[in-house]
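Here is how the chains run, residue by residue.
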2 protein chains.
Amino acid sequence: MTSKSELASLNCSLARALAMVGDSWSVLILRDAFLGSGRFGEFQRSLGIAKNILADRLERLVCAGLLIRENGPRYALTDKGRELLPALVALAQWGDRFASDGAPPMIFTDAEGRPVDAVALAAAGAPLDPSDLRVAPGPGADARTRAFLLSLSRP
Amino acid sequence: MTSKSELASLNCSLARALAMVGDSWSVLILRDAFLGSGRFGEFQRSLGIAKNILADRLERLVCAGLLIRENGPRYALTDKGRELLPALVALAQWGDRFASDGAPPMIFTDAEGRPVDAVALAAAGAPLDPSDLRVAPGPGADARTRAFLLSLSRP
């Protein structure tokens, strides 16, 4: 499998994010924390995973600063963890469309019960079609990233 | 590690999505395909992964219907694969904020060079604060999901 240090060393924010939350159980633990779970036993019952794996993933998420351990003990999302919500909802919506046979197990709404809109891309406030997305080297690009992006530019 | 069948069997679209793309290399292969890579050697050079792992992940992505193998041979995104873009951009933006020391390696823009907006949640067209997000059982909810969501409802 992918080692976390290999991923974290890539010159790519997506890879670095995956180094922190690329493990599927970690994502589902964050899901449960969003939904309101906090105690070890709550995560364990919801996910049905082995206790040693759950303990390991909780510790990793605390080390990565996505969860904090509070008295109780309970695990709670940090701001850094909560900011992952748009990415997770987008992934769940994709799963609704392509992996749930038209019958989503869960429905996301706002506090008034209105369905959450499909997460979509925009630029300067206008909807952005994926085929119009462009990628350019950023201030943190290394030589390899620059060469890679240059190699992809087609006339 | 998480087995794909365990994940796919959970009554959750997020888990089912992760069963298809929860492997970090798979996500980075999709990233490269979005960016324009198509040939085996292009993925291999960009990611620097072992050929046997790359071959395995490409085959899985073809089986899952996210890539198709075209003459050449080249791998190209399907619509199903392309629809993951909002989730991947959201995750990359999170990595920009929390794992790139303020210096993003890559910048996303539209075709005119305007930066892509931060991917955010909305309901009925209005911005949705993550703390106002609610989850309800959907048409595909099983008894366990219903009981779980009920257990989380607080007065």
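Residues numbered from 1 in each chain as written. Chains lettered and ligands numbered in written order. Predicted model: local features only at pLDDT ≥ 70, side-chain atom pairs only at ≥ 80, totals over all residues. Heavy atoms only, no water.

Section: the relation of the copies chain B and chain A
Right, on to step 1. Note on the identical chains: chain B maps onto chain A by a rotation of 180° and an axial translation of 0.0 Å, with an RMSD of 0.0 Å. Expressed as an axis order, the relation between the two copies is that of a two-fold axis. When each C-alpha of chain B is compared by its distance to the rotation axis, A87 of chain B comes out closest, at 2.4 Å.
Right, on to step 2. Interface residue correspondence from chain B to chain A reaches 100%, placing this contact among same-surface, isologous pairings. (Least-squares fit on C-alpha atoms with pLDDT ≥ 70 in both. Contact = heavy atoms within 4.5 Å.)

Examining the packing of aromatic side chains
Here the distance between the centres and the angle between the planes together describe a pair of aromatic rings.
Residue and element names in this part refer to chain B.
Right, on to step 1. Throughout the structure, instances matching the rule amount to 4 aromatic pairs over all chains.
Right, on to step 2. Centroid distance W94 to F98: 5.4 Å. Interplanar angle 40°. Geometry classified as tilted. Separated by 4 residues within a single helix, W94 and F98 lie in helix α7 (residues 85-99), roughly one turn from each other. (Phe/Tyr/Trp six-rings, centres within 6.5 Å; stacked < 30°, edge-to-face > 60°. Helix = DSSP H or I, 4+ residues; strand = E, 2+ residues; numbered from the N terminus.)

Focus on the pattern of salt bridges
Right, on to step 1. A complete count under the given rule lists 16 salt bridges over all chains for this structure.
Right, on to step 2. With its nearest N and O atoms 2.9 Å apart, the salt bridge here joins E83 of chain B to R97 of chain A. On the criterion of chain membership, the pair formed by E83 of chain B in the loop between α6 (79-82) and α7 and R97 of chain A in helix α7 (residues 85-99) is interchain, its members lying in two chains.
Right, on to step 3. Measuring nitrogen to oxygen at the nearest pair gives 2.7 Å for the salt bridge that ties R57 of chain B to D56 of chain B.
Right, on to step 4. Via salt bridges that share partners, D23, D56, R57 and R60 of chain A belong to a single interconnected network. (Salt bridge = Lys/Arg side-chain N within 4 Å of Asp/Glu carboxyl O.)

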